[in-house]
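Here are the chains, one letter per residue:
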Amino acid sequence: MDRITSCYDYETKIASSLVNQVKKKIQNGDMKKRSFVWLELTGCSGNIISLLDGKNPDFKFLAVQMVDIVYDNSLMVKMGESAIEQLFSVRGTDFILAVEGAVATNANGLYNVIGMYKGKMLTAYEAVKMLGEEASHVLAVGTCASDGGISAARPNPAGCVSVQQVLKRKVIKLPGCPCNPDWCLGTLAHILLYGEPELDNFDRPMMFYGISIHDRCPRRSYFDRGIFAGKLGEPTCMFKLGCRGPVTRTDCPIRRWNEYVNWPIGDSAPCIGCAQFGFPDLMEPFISFDTTKGEGTE
Amino acid sequence: MSASQNIRTQIQSILFEVNNTMNLLYYVTSIEKKNNLLYKLSNLMNQLIALINLTEVKETVPIPAPTQTAQLSQRLFTRNDLLKYNGKNGNPAYVTVNNIVYDVTNNSAWAAATHFGLSAGKDYSSQFASCHTGQHVLERLKIVGRLTDG
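First, a word on what this report is: a plain description of the structure on this page. (Residues numbered from 1 in each chain as written. Chains lettered and ligands numbered in written order. Predicted model: local features only at pLDDT ≥ 70, side-chain atom pairs only at ≥ 80, totals over all residues. Heavy atoms only, no water.)

### Remarks on the pairing of strand β6 (residues 120-123) of chain A
Two faces make up the sheet, and in a regular strand the side chains alternate between them. All names here are of chain A. The pairing of strand β5 (residues 113-117) with β6 spans four bridges and is classified as antiparallel. Its bridge partner lying in β6, V113 is registered against T123. What sits between the antiparallel neighbours β5 and β6 is a turn of two residues, in which K118 has the positive phi angle 55 degrees. (Pairing = 2+ DSSP bridges. Helix = DSSP H or I, 4+ residues; strand = E, 2+ residues; numbered from the N terminus.)

Shown next as structure tokens:
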């Protein structure tokens, strides 16, 4: 490993030297790739699609270098009951569990059946309860898994709840609709290298959810001077249109989406608070055209 | 209060905040929280610079008033009156908590006069208590009157 003797060295070499350390350890057999299970419950699969969009690290790096993906209903090769058997093969071993989608609880969980196991239907509720309590870490990926989200929106006929509500142990919450791949893969990488990252009061990693969108918004100076947009597409602050940036904590203005290309405000559309608890019901209305014309701000 | 006294008061309150923030930095252990505090410090410094630049401008330029109002306004609102102030169609957005009426028209958390599913123009004393107890939220809001049941 290169010796790090200056700040410049630290900046340029630390990431590659860490990756090289990990590679060497895996080659020597000192560090085994940990098992990783991805459970999709009552959701839209948006988070797995988002995961595949990852750039640094990307999905190939995840699958080849970082972890041993034991189960993922969208990506694995095995099908049917043999896939479910592979899922349960992690019981009694060390594994990290990522869950996307809320947990349907009505009708004994029968609103969401994820497979057949030993001839019986396996509901999402049963699967997450069985595996969630045993995993070394549980990541609730996306707003539905973190807080109920769209799956639990009014009137919630399936009785969807967040993953934390059905598990007694701590669940690391990664809200976002979908969760940005960096937030998910970054948290996973931190767990693999250093253990659980620092979490806030709502069990979200501080490194991604530690500051509000409003405090990092490139249009903040318009807000501070009271220069507001009256309709979509204008380049000024969209507070009067109902932008939820001030109440949403993520790093969207900096990290952006789709390999760091753009984000809603960058395209002159307001933030709808998709990563904040209460989305979507409490973040409505997403757009308003009938508000007041104020002077100055606070 | 003359314009320059106004500026002096604002500068003093900002310096007070800078002092508090710097003290907090000693006690905070996480890097993210330290970074947040440093960011807050740099914002406060920018505000100070803006205010100091203002002292060079002639006194006829209008100065924004301090954000915290000490005087409770005597204006009385009934619950019915308050419904009009729902933030729509050019009306300001008012809410009442514990019988004091606050103006949230330009409050960043009340975009389009709504906050986590609540619309302006109503009494949110119980919702406030269940969510914000112990937080210094009300002290930063502009007071416009009191609620009366008359």
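### Describing the environment of A:I84
Residues and elements named next belong to chain A. Along the chain, I84 turns up in helix α4 (residues 80-88). With relative accessibility at 2%, the residue I84 sits in the buried group. When the C-alpha positions of I84 and F239 are compared, they lie 48 Å apart, and in sequence the two are 155 residues distant. With near-sequence residues (within four places) excluded, I84 lies in contact with Y71, I114, G115, M116, Y117 and L122. (Buried < 20%, exposed > 50% of the residue type's maximum accessible area, 1.4 Å probe, protein only. Contact = heavy atoms within 4.5 Å.)

### Brief notes about the packing of helix α1 (residues 3-27) of chain B against helix α2 (residues 31-54) of chain B
Residue and element names in this part refer to chain B. Axis separation between α1 and α2 bottoms out at 10 Å; the angle between their running directions is 160 degrees. Classified by the interaxial angle, the pair formed by α1 and α2 is roughly antiparallel. Once α1 is placed against α2, the crossing between them reads as left-handed. Side by side, α1 and α2 meet where I7, Q10, I11, I14, L15, E17, V18, T21, M22, L24 and L25 of the first sit next to K34, L37, L38, K40, L41, L44, M45, Q47, L48, L51, I52 and L54 of the second. Looking at the contact of α1 with α2 residue by residue, the class counts come to 17 nonpolar, three polar and three charged. (Axes fitted to C-alpha atoms, helices over the stretch in contact; angles between N-to-C directions. Parallel < 35°, antiparallel > 145°, perpendicular 65-115°, else oblique. Left-handed = near helix turned anticlockwise from the far one by under 90°. Nonpolar A, V, L, I, M, F, W, Y, C, P; charged D, E, K, R; others polar.)

### What to know about the sheet that holds strand β7 (residues 137-141) of chain A
All names here are of chain A. Taken together, five strands build an open sheet; the order of strands is β2-β1-β3-β7-β9 and the sheet is parallel. Looking at the sheet topology across the chains shown, the edges are occupied by β2 (67-72) and β9 (172-174). Strand after strand, the sheet turns through a mean of 20 degrees between neighbouring axes, direction not considered. Summarising the sheet, strand β1 (residues 34-40) and β2 pair through five bridges and their orientation is parallel. Paired with W38 across the two strands is D72, which belongs to β2.

### Digging into the nonpolar core
Residues and elements named next belong to chain A. W38, L51, L62, V141, L174 and L188 are the most contacted members of the largest nonpolar core, which totals 35 residues. For this core, the elements supplying multiple residues, two or more each, are β1, α2 (46-52), α3 (59-66), β3 (95-100), β7, β9, α7 (181-194) and α8 (206-209). Counting residues per element, this core draws most heavily on α7, at six residues. Setting aside anything within four residues of it in sequence, one finds L174 in contact with L139, A140, V141, G142, S146, C179, W183, C184, T187, P205 and Y209. With 30 residues, the next largest nonpolar core counts Y71, I84, L87 and L167 among its residues. (Core = buried A, V, L, I, M, F, W, Y, C linked by side-chain atoms within 4.5 Å.)

### Focus on the interface of chain B and chain A
By convention, interface size is frequently given as the accessible area that disappears when the constituent parts associate. Between chain B and chain A, the contact holds 25 residues from the first and 35 residues from the second. A buried area of about 2200 Å², summed over both sides, lies between chain B and chain A, and 53% of it is on carbon and sulfur atoms. When the buried area of chain B at its contact with chain A is split by residue, B:N106, B:S108 and B:F116 rank highest and sum to 30% of it. With four residues, the top contributor of residues to the side of chain B that touches chain A is α2(B). When grouped by side-chain class, the residues that make up the side of chain B that touches chain A number seven nonpolar, twelve polar and six charged. (Buried area = accessible area lost by both parts, 1.4 Å probe.)

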